[in-house]
Amino acid sequence: MNPSVLGRAALLLAMSAGLLALGLAIGSTGWSPLTSADENLRQILWDIRAPRSLGAWLAGALLALAGAIGQGLFRNPLADPYLLGSSAGASLGVAVMLFFLGISPASTVLALRVGMTGAAFIGSVAAVLLTLLLARGVEQTLRLLLAGVVVGVVLGSGTALLTLINIDVMRTMQSFMLGSTGFLGWNSVLVLAASLALGGVLALGCSRGLDALSLGEATARSLGVRLALLRLLLIAAMSLSTAAAVAQCGLVAFVGLVAPHLVRSWGTVTHGALLVLAPLTGGALLLAADVAARWIIAPQELPVGIITALLGGSYLLWLMHRRHHSLGGRA
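The rules behind each value
- Residues numbered from 1 in each chain as written.
- Predicted model: local features only at pLDDT ≥ 70, side-chain atom pairs only at ≥ 80, totals over all residues.
- Heavy atoms only, no water.
- Helix = DSSP H or I, 4+ residues; strand = E, 2+ residues; numbered from the N terminus.
- Buried < 20%, exposed > 50% of the residue type's maximum accessible area, 1.4 Å probe, protein only.
- Contact = heavy atoms within 4.5 Å.
- Areas by Shrake-Rupley, 256 points an atom, 1.4 Å probe, with all protein chains shown as cover.
- pLDDT = per-residue confidence, 0-100.
- Phe/Tyr/Trp six-rings, centres within 6.5 Å; stacked < 30°, edge-to-face > 60°.
- Axes fitted to C-alpha atoms, helices over the stretch in contact; angles between N-to-C directions.
- Parallel < 35°, antiparallel > 145°, perpendicular 65-115°, else oblique.
- Left-handed = near helix turned anticlockwise from the far one by under 90°.
- Nonpolar A, V, L, I, M, F, W, Y, C, P; charged D, E, K, R; others polar.

Novice: Would you mind showing me how to read the overall build of the protein chain here?
Specialist: Assigned secondary structure in the protein chain consists of 13 helices and two strands. Within the protein chain, buried positions represent 50% of all 331 residues. Considering only intrachain contacts with a sequence separation of at least 6, the fraction spanning at least 24 residues in the protein chain is 77%. If you sum the accessible surface of the protein chain, you get close to 15400 Å²; carbon and sulfur atoms cover 69% of it.

Novice: Is there a simple way to explain the environment of C206 in this structure?
Specialist: Looking at the element boundaries, C206 is found in the loop between α7 (186-205) and α8 (207-213). With 66 residues separating them along the chain, C206 and G272 place their C-alpha atoms 8.5 Å apart. Sequence-distant contacts of C206, defined by excluding residues within four places in its chain, comprise L230, L233 and L234.

Novice: What exactly am I supposed to notice about the confidence of the model for the protein chain here?
Specialist: Detailed reading of predicted coordinates is not advised where the pLDDT is low. Put simply, the protein chain has an average pLDDT of 85, and 90% of its residues get 70 or more. Ranking the elements of the protein chain by mean pLDDT puts strand β2 (residues 30-31) last, at 68, and α7 first, at 94. Overall, residues 104-111 carries pLDDT values under 50, and its contacts beyond four positions in sequence, including any with other chains, amount to four contacts.

Novice: Help me understand the packing of aromatic side chains in this model?
Specialist: All chains considered together, the criterion is met by one aromatic pair. On the basis of an interplanar angle of 35° and a centroid distance of 6.0 Å, the ring pair of Y315 and W318 is categorised as tilted. Of this pair, Y315 and W318 both sit in helix α13 (residues 304-330), three residues apart, which is roughly one turn of that helix. Under the relative-accessibility criterion, W318 is labelled partly exposed at 45%.

Novice: Hey, could you run me through the packing of helix α3 (residues 86-101) against helix α5 (residues 141-165) in this one?
Specialist: A pair of packed helices is characterised by two quantities: the angle between their axes and the separation of those axes. One way to put it is that α3 packs onto α5 with a least axis distance of 8 Å and a crossing angle of 25°. The angle between α3 and α5 falls in the class roughly parallel. Taken as a pair, α3 and α5 cross one another with a handedness that is left-handed. Residue-level inspection shows A88, G89, S91, L92, A95, V96 and F99 of α3 in contact with α5, the latter providing G152, L155, G156, G158, T159, L162 and I165. Here the contact of α3 with α5 is composed, by residue class, of eight nonpolar, six polar and no charged.

Novice: For this particular structure, what's the right way to read the side chain of T163?
Specialist: Its place among the elements puts T163 in helix α5. Residue classification places T163 among the buried residues on the basis of a relative accessible area of 12%. Once you skip the residues sitting within four places of it in the chain, T163 turns out to touch V169, M170 and M173.

Laid out in structure tokens, this is it:
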């Protein structure tokens, strides 16, 4: 790997390590020393803050990985992890569970979260499968994009209908829709880590195919790339990464879209490097947002999705402004 890429990766890892330390130290009670002898505080640090911080980093890495895959696969810099309808499917899965099983805000947090996690994962995967069915496979990129848009709109309408009928569903889903890292535990960390490992291996195995695809489908075919297989493997990695992150943290906005852009802003990189650096960037972004969400209005917390939306939206607006002035200067 290029030495400059290794240097960036090392810098991002060091930044993530610092953010993890902050994540352990900052909570609703304020700043806590990591070397405290207080047994209760140590339990809070290692049983609550540690899995939450590590899980937030892993979820951000998964979303960024999915975003980098989507942008390369569809050759569209505005592609995000939710492009194939996975977010709408996850939302509908949670809404259906809450509506038909009668789970209310008075339910225990643990039972509610376990149910929401499973329903979100199943809904997300089902939505992607429905998109593939409507697109008649993975052969045509444009048809796949349009099918994803249609599935997202239809399933989103189903969620809106259920929440309109039963207002308790809307209240209970609020944390899911805005994104939350407050329910992450060590089991969540294991699921997210396994998903990142599997999705990362699949994506990196297809990185040269993505490099060829960036030159056009005809060129990729002439170079011997099996496009149908490439798309299938990349969609599997993208879907798994997105479903795992959404199931554990809800709908976190902009991380998957912004992280690959940040990596590209540092210089031209191959897809192999992008698929390494983007997850490291996404993990640091979501963990930083999680720390900020705990700290800004402590002892209360902001939904982490609000922080990522503000930061991500501001970055994209700045990027558009910079490009507009750049084009104006050339003119």
